[in-house]
Amino acid sequence: MRILLVASAFNSLTQRVHAELRERGHEVGIELALGDDHLRTRVTEFEPELILAPMLTTAIPEDIWTAHTVLIVHPGPKGDRGPSSLDWAIHEGAWAWGVTVLQAVADMDAGPIWATEPFAVAACGKSELYRNEVADAAVRAVLTAVNRFATGRFAPEPLDYDRPDVHGRLRPYHEQHYRRIDWTADDTATVLRKLRAADSQPGVLDELYGREFFLHGGFGEDRLRGRPGAVLATRDGAICRATVDGAVWLPQLRSRRIPGGPATYKLPATIALGRDLPDVPEAPVTPAEAATRDTWSELRYREENEVGYLEFAFGGGAMSTEQCRRLLAAYRHACTRPVDVLVLGPARDFFSNGIHLNVIEASDDPATESWHNINAMNDLVEAILTTTDKLVVAALAGNAAAGGVMLALAADEVWCRESVVLNPHYRLMGLHGSEYWTYTLPRRVGAAEADRLIREALPVGARAAANLGLVDRALPGDTEEFWSRVRRDAENLSAASELADRLVAKKRRRAGDEADRPLSAYRASELAQMRRNFYHPGEPYHALRRDFVHKVRPAATPPHLTVT
């Protein structure tokens, strides 16, 4: 079936739906919602049998939804309406929510219902919930709706608030006055709900040291205490702020935009505060200690049944120079431990999206900071590639892109949750790419396939990646089921009689590859191209990065997305 995806952005859910539909043989087009005339032209050219909107913040023109069936994915249960569905669910402490696929009509979110799927609301931020439970439910609902449409016999259910299974209602936009934190009165649980309901966008507007910031993300703290509202400590770029009964960690801040001024963007809290941050103590925690505490840390390390697990969780999947160095130090320490199998990956969200474009944008010298960042990523990848006395598994419970994909490919085995979407390319940021991709990617999929993936710059679903050989396993289930399977299989690997032989073969293979062409040669060749990308005045990288960080809307749907 010819299906046109219409979305306000080619975000994680749109990419997931795109991958799932293509895997099932549908011919899928993409059009970004950049204006009604653009959409009308695309609909005329593509001639879709069905139009599907996985993520849309504007209305579809009436002349389109009257002439075509247009299905909207709404992140709320039956009857829920309004632009802040997930914000309200988290703010009010809902334990269960849903996703509904409904037909576009004149009133927003009020059309006939084609499918609905429930999900449990995890205790996490809105963006993490969106990329996990919401996305899983949305895909189930979309596939159900598409199958029902294909039969030509299904009659969608009109929205009827008198039905006993319709529990939602029309809710207003979740404005800042609902989100405001009263540091002198709100307990930790309340503060965390408010922060989590706004963690990606729009953030919680607050004041620190005489300046207004939006707070993004929030995590509990089990030990530090102080005067409510006071900043108690810092850790790896985050600040810890006291509540009336505890404290919370704030990893990222965004300056409030000055009217008429440039757009602002999220940064590690200590960078955003800069010289305004007074001299507060650092509260370091080791990865092993963090694994046993209820505190915020980007790194955790634990051992279970002869397997080491090194967890890393970086906001938005971006890894700055310092974050790469900290992860490298943690990895090197894990390599000293008496385990033969080492599993790498976050518990739930992004695996990695490569270098930290926001931190680079904020630096005094973006070209040099880019150079430092890519070299720090390379050092990390090289350490994994040259580990020959352990079997290293990359466990991807969440998405990965660019250098983050190549970070995973450095491992001996790559296991993905079936919901994962990979973007193994760099060119949309005007980069040749590094992280030893010219070694690892062709080694897995062949030179021709590697060239296609890099050139086409389209997302790849986990099942398709497994079929290509890009990853080794695509495991079904939610994140809890995924990690249960990962732990079981990692323990089996550790206990297997053939493990010693595998490690010997691994060492021999690495030595053979090094003799054929040293890793240093791959690195030098890649970095020669990257240096040009960073420092040559004619290269597009800096403009593309700036547009990405500042969320500049393109004038038209990028050409690589219009290819079906």
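Below, the structure is looked at part by part. Model, not experiment: these values are computed from the prediction. Counting of residues starts from 1 at the beginning of each chain's written sequence and follows it residue by residue. With the structure being a predicted model, the display of local features is reserved for residues of pLDDT at least 70 and the display and counting of side-chain atom pairs for 80 or more, all residues being used for whole-chain, interface and lining totals. Just so you know, side-chain values use all the structure's heavy atoms and leave hydrogens and water out.

## Description of the packing of helix α10 (residues 321-335) against helix α12 (residues 366-385)
The criterion, for reference: Axes here refer to lines fitted to C-alpha atoms; in helices the fit is confined to the stretch in contact. Angles between the N-to-C directions go from 0 to 180 degrees. Starting at the N terminus, helices and strands are each numbered in turn, a helix being any DSSP run of H or I of at least four residues and a strand any DSSP run of E of at least two. Working definition: roughly parallel below 35 degrees, roughly antiparallel above 145 degrees, roughly perpendicular at 65 to 115 degrees, and oblique for all remaining angles. Two helices crossing with the near one rotated counterclockwise from the far one by less than a right angle form a left-handed crossing, whereas a clockwise rotation gives a right-handed crossing. In what follows, a contact means two residues having at least one pair of non-hydrogen atoms within 4.5 Å. Three categories are distinguished: nonpolar for Ala, Val, Leu, Ile, Met, Phe, Trp, Tyr, Cys and Pro, charged for Asp, Glu, Lys and Arg, and polar for the others, with Gly belonging to the last.
Close contact between α10 and α12 brings their axes to 8 Å; oriented N to C, the two are set at 15 degrees. Considering their axes alone, α10 and α12 lie roughly parallel with respect to each other. Remark: the crossing between α10 and α12 carries left-handed chirality. Of the residues in α12, those touching α10 at T321, C324, R325, L327, L328 and Y331 are E369, H372, N373, A376, M377, D379, L380, A383 and I384. For the contact of α10 with α12, a count of residues per class yields nine nonpolar, three polar and three charged.

## Description of the packing of aromatic side chains
Put simply, the rule is: Under the pairing criterion, centres of Phe, Tyr and Trp rings, with the six-membered ring standing for Trp, must be within 6.5 Å; the plane angle then separates stacked pairs below 30 degrees from edge-to-face pairs above 60, leaving the rest tilted. Each residue's exposure class comes from its accessible area (1.4 Å probe, protein chains only) as a fraction of the maximum for that residue type: buried when under 20%, exposed when over 50%, partly exposed otherwise. Ring-over charges, as used throughout, are those where CZ of Arg or NZ of Lys falls within 6 Å of the ring centre and within 35 degrees of the ring normal.
Using the criterion set out here, one finds nine aromatic pairs in the structure. Centroid distance W114 to F154: 5.5 Å. Interplanar angle 45 degrees. Geometry classified as tilted. In this pair, W114 sits in strand β6 (residues 113-120) while F154 sits in the loop between α5 (126-151) and α6 (176-179), placing the two residues 40 residues apart along the sequence. Accessibility expressed as a relative area gives 6% for W114, which makes it buried. The class of F154 is partly exposed, set by a relative accessible area of 29%. Among the aromatic side chains, those forming a connected cluster through ring pairs are W114, F149 and F154. Note that R517 overlies the ring of Y522, its terminal NZ or CZ placed 4.3 Å from the centroid.

## Considerations on the sheet that holds strand β17 (residues 341-344)
Quick reminder of the rule: For two strands to be treated as a pair, DSSP must find at least two bridges joining them.
One open sheet holds the six strands; their spatial order is β15-β16-β17-β18-β20-β23, and the pairing between them is mixed. Of all the strands in the sheet, the pair left with one neighbour each is β15 (299-304) and β23 (473-475). Strand-to-strand twist in this sheet, taken as the mean axis angle between neighbours without regard to direction, amounts to 20 degrees. Inspection of the sheet shows β17 paired to strand β18 (residues 391-396) by four bridges, in the parallel sense. The residue of β18 that forms the bridge with V343 is V393.

## Side note on the pattern of salt bridges
Defined as follows: A pairing counts as a salt bridge when a side-chain nitrogen of Lys or Arg comes within 4 Å of a carboxyl oxygen of Asp or Glu.
Scanning the model with the defined rule gives 53 salt bridges in all. Taking the shortest distance from any N to any O, the salt bridge between R24 and E20 comes out at 2.7 Å. Looking at R24, the relative accessible area reads 41%, which means it is partly exposed. Between E514 and R510 there is a salt bridge; the shortest N-O distance is 2.7 Å.

## Describing the nonpolar core
What counts, and what does not: Among buried residues, those of type Ala, Val, Leu, Ile, Met, Phe, Trp, Tyr and Cys that are joined through side-chain atoms within 4.5 Å constitute a nonpolar core.
L215, Y331, L396, L422 and L441 are the most contacted members of the largest nonpolar core, which totals 93 residues. Counting residues per element, this core draws most heavily on α12, at 10 residues. Setting aside residues up to four positions removed in sequence, L215 forms contacts with I181, W183, L195, G203, V204, D206, L208, L250, Q252 and L253. Membership of the second largest hydrophobic core comes to 36 residues, among which are L13, W114, A145 and F149.

## Re the packing of helix α14 (residues 437-445) against helix α19 (residues 519-535)
For the pair α14 and α19, the least separation of the axes is 8 Å and the interaxial angle reads 110 degrees. Between α14 and α19, the angle is such that the two are roughly perpendicular. Note on element contacts: α19 touches α14 through L519, Y522 and E526, opposite W437, T438 and Y439. Grouping the amino acids of the contact of α14 with α19 by side-chain chemistry returns four nonpolar, one polar and one charged.

## So, helix α2 (residues 36-46)
The test is simple: By construction, the arc corresponds to the directions joining the helix axis to the C-beta atoms.
Of all the residues in α2, the buried ones are L39, R42, V43 and F46. Down the axis, α2 shows its buried residues gathered within 100 degrees of arc, on one side only. Of the exposed residues in α2, the ones pointing more than 90 degrees away from its buried face are D37, T44 and E45.

## Concerning unusual backbone geometry
Geometrically, the link from Q201 to P202 is a cis peptide bond, its omega value of 0 degrees lying close to zero. Among the secondary structure elements, P202 is positioned in the loop between α7 (188-196) and β7 (204-208). In this model, D109 sits at a positive phi of 65 degrees, which is unusual for a non-glycine residue. Secondary-structure assignment places D109 in the loop between β5 (96-103) and β6. Judged by its relative accessible area of 15%, D109 is buried. Backbone geometry places Y209, a non-glycine residue, at a positive phi of 55 degrees. The partly exposed category is assigned to Y209, whose relative accessible area is 35%.

## Things to note about the side chain of Q252
By the element assignment, Q252 lies in strand β13 (residues 252-255). According to the relative accessible area criterion, Q252 is buried, its value standing at 17%. In this structure, Q252 is in contact with F214, L215, H216, K266, L267, P268, A269 and G315, ignoring residues within four places of it in sequence.

## So, the pairing of β7
Two faces make up the sheet, and in a regular strand the side chains alternate between them. The buried fraction of β7 is high, at four of five residues. Across five bridges, the pairing between β7 and strand β8 (residues 211-216) is antiparallel. Bridge pairing in β8 links V204 to L215. Turn length for the β7-β8 hairpin, with the two strands adjacent in sequence and antiparallel, is two residues, and the turn residue Y209 shows positive phi of about 55 degrees.

The values reported here are purely geometric and, on their own, carry no functional implication.
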